[in-house]
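Spelled out from the first residue to the last, the chains are:
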Amino acid sequence: MGMSTRGLGRAEGAVLVTNEEISRDLDTTPEWIKTRTGILSRRFAAEKETTSTMGAAAAARALAHAAVRDVDLTICCTMTPDYQSMPSTAALIQGELGLSGGAMDLNVACSGWVYGLVVANGLLQSRAVKRVLLVGADKTSCLTDPRDRSTRVLFGDGAGAAVLEYVEAPGEFVASDLGNDPSLSHLLFVPAGGSACPIGPEELANRSNYLQMAGREVFRAAVRVVVETCKAVLAKAGLSVSDVDFFIPHQANVRIVSYAAEKLGFPPEKVITNVDRYGNTSAASIPIALTEAWEDGRVKAGDRLLFCGFGAGMSWGSVLMEWSLEK
Ligand code: ACO
């Protein structure tokens, strides 16, 4: 009696932007970006692409793979909704795909996908819904300041999606751990654009409508919380690192991933990374990495997968799953 994945899909922004290209407009170098982050290129959305169009493209692939058209609930994990307050991006995806059922957004920044899995699993287990379309989508390029080298080079745009279903059999979901430390909320922060500070001429002039980040502090906190939450979820499941087939963390910086994986004791071949090609796609990063690894045959039915997200809030979370979806 539990949750089972029926289909997966991904869709990245249409425009490939290499380190060489992004370095032309910023006081940075391709080498700095590569050595400090592991990123070689990222995908930015094309002019007409939005969070919902990328989300709908990924969702359409997941639904086609699952060969289903009916879902009871569409959840879109995003921190970059198409519209500032309403309608929800999930509602736009639902409309684009002609789906029925409920629709809602979930904003936990880069931890969104992991929180989304926990929410979907809870709703399925409670039998409130039978099938959930879970989408992680972000157009981060509209949140980073094109003039700010410290954030612009790190992020990318894309979406990933999964069709999740209630089954009368042991499900895939094994255990989860969620957390948030509001004392660190200032580390990743968009000062203007919400109800606390609507955007006016002053905000546009001082560029406070863009993401501000204390990179070094985020880095340190991220390694710490990733290690702690992964240990916590493994302890809840009564399992150890050697019982996990693949560690699929949020793709923010290859150095964060490697430090955390090393501290946990994961050998490199068990760690899925694709930040070199996509940068940090926020809520989309884990489902894109998962979908790629499943498409190329690395992730197989029967594998035990450890997902771990972290981001603004400062939020974090991890989910352990026993994968059952055949390619
Ligand atoms: N090119 C050249 N120099 C740069 C660049 C750049 N693109 N960006 C920053 N620098 C400079 C800094 O200004 C600093 O200069 P200073 O020493 O004169 O002050 C210098 O490089 C070194 O800065 P550090 O912060 O020490 O560099 P670090 O090795 O920590 O790398 C980085 C910076 C890549 C931002 C790293 O700290 C990082 O990845 N942090 C985590 C960011 C992250 O994961 N954010 C997303 C979280 S998820 C979410 O919810 C959004």
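For the structure, check the block above.
A.B. asks: With reference to specific residues and values, describe the sheet that holds strand S13 (residues 315-322).
C.D. replies: In spatial order, the strands read S8-S13-S12-S11; together these four strands make up an open sheet with mixed pairing. Taken across any chain shown, the strands that pair with only one partner, and hence form the sheet edges, are strand S8 (173-180) and strand S11 (246-249). Going from strand to strand, the sheet's axes swing by 10° on average, the running direction of each strand aside. Those strands touched by helix H8 (residues 215-237) are S8, S11, strand S12 (304-311) and S13, and its axis lies near 145° from that of S8.

A.B. asks: How would you sum up the pattern of salt bridges? Please name residues and give values.
C.D. replies: Where charged atoms from two side chains of opposite charge approach closely, those side chains can pair. Applying the stated criterion across every chain, the model contains 13 salt bridges. Among the ionic pairs, aspartate 145 bridges to arginine 207, the shortest N-O distance being 2.8 Å. With aspartate 145 in the loop between strand S6 (131-139) and helix H6 (149-152) and arginine 207 in the loop between helix H7 (201-206) and strand S10 (212-213), this residue pair connects regions lying 62 residues apart in the sequence. One network of salt bridges, with partners in common, ties together Arg10, Glu12, Arg277, Glu292 and Glu295.

A.B. asks: Tell me about the sheet that holds strand S5 (residues 102-106), and name the residues and values.
C.D. replies: The sheet built from five strands is open, its strands ordered S1-S7-S6-S4-S5 with mixed pairing. Sheet topology places strand S1 (2-12) and S5 at the edges, where each strand pairs with a single neighbour. Going from strand to strand, the sheet's axes swing by 20° on average, the running direction of each strand aside. Where S6 lies against strand S7 (residues 157-167), nine bridges are found, and the strand directions are antiparallel. What sits directly across from leucine 133, in S7, is valine 163. Each of S1, S6 and S7 touches helix H3 (residues 51-66); the most contacted strand, S1, lies at about 130° to it. Contacts from helix H11 (residues 285-295) reach S1 and S7 within the one sheet, and its direction differs from that of S1 by about 95°.

A.B. asks: I'd like a rundown of the packing of aromatic side chains, residues and numbers included.
C.D. replies: Under the counting rule described, the total for this entry stands at two aromatic pairs. Taken together, a centroid distance of 5.8 Å and an interplanar angle of 70° make the contact between phenylalanine 219 and tyrosine 259 edge-to-face. Residue phenylalanine 219 is located in helix H8, and its partner tyrosine 259 is located in helix H9 (residues 254-264); the two are separated by 40 residues in the primary sequence. Here phenylalanine 219 falls in the buried class, since its relative accessible area comes to 15%. We classify tyrosine 259 as partly exposed; its relative accessible area is 41%. On the numbers, 4.8 Å between centres and 5° between planes, the contact of phenylalanine 247 with phenylalanine 266 is stacked. With phenylalanine 247 in strand S11 and phenylalanine 266 in the loop between H9 and helix H10 (275-278), this residue pair connects regions lying 19 residues apart in the sequence.

A.B. asks: Please provide a residue-by-residue account of the site of the ligand, values included.
C.D. replies: The ligand sits among 26 residues. The nearest are Thr28, Arg36, Cys110, Asn253 and Ala312. One of the side-chain N or O atoms of tryptophan 32 is found 3.5 Å from a nitrogen atom in the ligand. Within the backbone of alanine 312, a nitrogen or oxygen atom sits 2.8 Å from an oxygen atom of the ligand. Across the complex, the protein chains shield 77% of the 1,000 Å² of accessible surface that the ligand would expose by itself. Elements supplying a minimum of two residues to the shell around the ligand: helix H2 (30-37), H6, H8, H9 and S12. Considering every element that reaches the shell around the ligand, the biggest residue donor is H8, with four residues. Tallied by class, the residues present in the shell around the ligand amount to 13 nonpolar, eight polar and five charged. Per-domain counts for the shell around the ligand show at least three residues from each of domain 1 (2-167) and domain 2 (173-322).

Definitions and limits used
- Residues numbered from 1 in each chain as written.
- Predicted model: local features only at pLDDT ≥ 70, side-chain atom pairs only at ≥ 80, totals over all residues.
- Heavy atoms only, no water.
- Pairing = 2+ DSSP bridges.
- Helix = DSSP H or I, 4+ residues; strand = E, 2+ residues; numbered from the N terminus.
- Axes fitted to C-alpha atoms, helices over the stretch in contact; angles between N-to-C directions.
- Contact = heavy atoms within 4.5 Å.
- Salt bridge = Lys/Arg side-chain N within 4 Å of Asp/Glu carboxyl O.
- Phe/Tyr/Trp six-rings, centres within 6.5 Å; stacked < 30°, edge-to-face > 60°.
- Buried < 20%, exposed > 50% of the residue type's maximum accessible area, 1.4 Å probe, protein only.
- Near = heavy atom within 4 Å.
- Polar contact = N/O pair within 3.5 Å; in protein donor to acceptor, adjacent residues only side chain to side chain.
- Areas by Shrake-Rupley, 256 points an atom, 1.4 Å probe, with all protein chains shown as cover.
- Nonpolar A, V, L, I, M, F, W, Y, C, P; charged D, E, K, R; others polar.
- Domains from an automatic or database assignment.

On their own, these measurements won't tell you what the molecule is for.
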